[in-house]
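Structural description and commentary
Here is how the chains run, residue by residue.
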Amino acid sequence: MHSSPLPSLPSLTTSAAFLALQDHCTEAKNWHLRDLFASAPTRFETMSMQAAGLFLDYSKNRLNQKTLQLLCNLARERQVEAKRDAMFAGEKINLTEHRAVLHTALRAPRNQAFVLDGQDINHDVHAVLDQIKAFSEKVRSGAWRGYSGKAITDIVNIGIGGSDLGPKMAHSALREFAHPNLNFHFVSNIDGHDVDATLAKVDPESTLFIIASKTFTTQDTMLNAHSTRNWFLRHADGDTSKLAQHFVAISSNQAEIQRFGIDPKNMFVFWDWVGGRYSVWSAIGLSIAIMIGFEAFSAFLAGAHAMDVHFQTAPLESNMPILLALIGLWNRNFLGYASLFVAPYHQDLRRLPAYLQQLEMESNGKSVANDGRQVNYPTCPILWGEAGSNNQHAYFQLLHQGGDIIPVDFIAVLKPSHHLPQHHTALLANCFAQSEAFMRGKNAQEVHDELQQQGVSEQEISKFLPHKIFAGNRPSNTLLMDALTPITLGALLALYEHKTMVQGVLWGINSFDQYGVELGKQLAKNIQMELEAQAHTERHDSSTNGLIARAKASLHTNTIK
């Protein structure tokens, strides 16, 4: 399934559409959102849309219909639609690693034939899904038992990056659907305090360990895996035959998993066309399937597929991922906003910002274009966030009155899973009020009148007034879903995946490699050998040499008890 490569594009900043947007921005910088709403009574209706069970209100952004049209012109000029189609067709759009990017195939319906490099990958994908279904049902029913005959009560997922953040985020988000008698734990940090604290909570006779590493050589994951293996064998009288009932692997390296002691029958495969941060739909989602059951896991995949279909078929002007990407680019490259705050107003989505941090910043945190040239414009904004309404007591002071303007993505769920209606109306009220406050602000006259009504003297008003002014005019999107379910969570994650891909296309960078994470790891191997050796070569800069020496002195004199 190959076609001729798409023609290379000129630098983003020299394109006609980009230059038109620059001219337009000189006017837009003088707009205030209050005025945009006042001049267009139907602004909400014309700047909101639904797709795959999600509702997006993007009306509280500093743009108008002309802005949107110019942005769509840019998307066409940058060949967003053609490159989207190339991704779905299995073209090797990961240029540096010469790989296809087909996480969307992981959620395609059964029998949707697709041949990649001579292999029917739909058949391969559903073979693994069938394996996940059979295995997860055994664990959930209690049929899968540990070496002493006990049913499994605890599942420990050991991974790093996407092999951890995806399952961990979904575990929190889909708590309502969890098996009542199974406990789930996640180990990712190379810091021994992480695995030590987890092992202290579990019984080796009733715990299942999922080792998630495509190569089965990732240092963080394998160090935690081997420490766990040693712990288990100490409790199992050193009998390695007992490992088979307590360890399974998500990997493509059968030789290494057998060397570890895992039965190849307990190996769940995933492929090099699945990037780590896009892998939650693959066998990496095994712990999710065990937690919520395979039927609900299938709904999770179906929600993502529904967003895939929308992304593939909707026109640019009404395509939710593309619009979200274009608005983000407008905020970043024209209005100059350097970060994005994600505020999910649902406690079970509290891990979503961390998941999106890896998705967006590892994908698009790059300054080299596909052709190897250094780009002369900013790319991925810094993404951060926390669950609402805790934000109001931590970050929102800066977001409202700080010197930097930081766009916000508000995410809210209309129907709670609890039976505390007053809590939910208070939560939604805070979400909607914050987006209104960012948009409107409070001007000097409004502050003056409010204080005057409170009986504050004019002298006191003049003293307090500057501190109580809110400039407003701070952009936000609001995403709503009726309920937080596997299907709506799947759609939400796919929405941000496609937004990320589109922004990479617009910036002319490869969203699917991650060389930036490698240098520090390479240097760490050398430093670790020096920390563990008696001699110290002092071959680094004076700071690093000093830190190594201080650490070695502490380690070898046992000053930490």
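See above for the structure.
We now turn to the structure provided with this report. No experiment lies behind these values; they were computed from the predicted model shown. (Residues numbered from 1 in each chain as written. Predicted model: local features only at pLDDT ≥ 70, side-chain atom pairs only at ≥ 80, totals over all residues. Heavy atoms only, no water.)

We now examine helix H14 (residues 352-364). Look at H14: 18 Å from first C-alpha to last across 13 residues, which is about the 18 Å you get at 1.5 Å a residue. Counted residue by residue, H14 has ten buried out of 13 residues, so it is predominantly covered. Every buried residue belonging to H14 is among Leu 352, Pro 353, Tyr 355, Leu 356, Gln 358, Leu 359, Glu 360, Glu 362, Ser 363 and Asn 364, and all of these are buried. On the buried face of H14, the contacting elements are helix H7 (162-173), strand E10 (339-345), strand E11 (382-385), strand E12 (408-413) and helix H19 (486-507). (Helix = DSSP H or I, 4+ residues; strand = E, 2+ residues; numbered from the N terminus. Expected span 1.5 Å × (residues − 1). Buried < 20%, exposed > 50% of the residue type's maximum accessible area, 1.4 Å probe, protein only. Contact = heavy atoms within 4.5 Å.)

On to the pattern of salt bridges, then. Per the stated rule, a full pass over the model turns up 22 salt bridges. Close ionic contact of Arg 175 with Asp 348 constitutes a salt bridge, the shortest N to O distance being 3.0 Å. Remark: Asp 348 occurs in the loop between E10 and H14 and Arg 175 occurs in the loop between H7 and strand E6 (183-187); sequence separation between them is 173 residues. Look at Asp 348 and you get buried, because its relative accessible area is 6%. Put simply, Arg 539 and Glu 530 hold a salt bridge, and the shortest N to O gap is 3.2 Å. Through salt bridges with shared partners, one network takes in Arg 34, Arg 440 and Glu 446. (Salt bridge = Lys/Arg side-chain N within 4 Å of Asp/Glu carboxyl O.)

It is worth spelling out the sheet that holds E11 at this point. Read from one edge to the other, the open sheet built from six strands follows the order E1-E2-E13-E12-E10-E11, with strand pairing classed as mixed. Only two strands of the sheet have a single neighbouring strand rather than two, namely strand E1 (48-51) and E11. On average, each strand axis in the sheet is inclined to that of its neighbour by 20°, with strand direction left out of account. The strands touched by H14 are E10, E11 and E12; relative to E11, the strand with the most contacts, the crossing angle is about 175°. Along the sheet, H19 makes contact with strand E2 (54-57), E10, E12 and strand E13 (476-481), crossing E13 at roughly 150°. (Pairing = 2+ DSSP bridges. Axes fitted to C-alpha atoms, helices over the stretch in contact; angles between N-to-C directions.)

What follows concerns helix H6 (residues 121-141). Compared with the 30 Å implied by 1.5 Å per residue over 21 residues, the 30 Å span of H6 between its first and last C-alpha is a close match. Within H6 the residues assigned to the buried category are Ile 121, Asn 122, Asp 124, Val 125, His 126, Val 128, Leu 129, Ile 132, Phe 135, Ser 136 and Val 139. Where H6 begins, the capping side chain belongs to Asp 120, and its oxygen is found 3.2 Å from the backbone nitrogen of Asn 122. Taken from the residues just after H6, Gly 142 is the one with a positive phi, measuring 90°. (Polar contact = N/O pair within 3.5 Å; in protein donor to acceptor, adjacent residues only side chain to side chain.)

All right, on to empty space enclosed by the protein then. The final tally for this structure, using the stated rule, is two cavities of 30 Å³ or more. Roughly 170 Å³ of volume is contained in the largest cavity. Lining the largest cavity we find 20 residues, and of these Ile 327, Gly 328, Asn 331, Leu 340 and Lys 499 sit closest to its centre. Of all elements in the fold, only helix H13 (320-334), E10, E12, E13 and H19 reach the threshold of two or more residues within the lining of the largest cavity. Of the residues forming the lining of the largest cavity, the biggest block, five residues, is contributed by H13. (1 Å grid on protein atoms, 1.4 Å probe; cavity = no way out; pocket = protein on both sides within 12 Å on 5 of 7 lines; lining within 4 Å. Points joined across faces, edges and corners; volume = space filled by probe spheres on them.)

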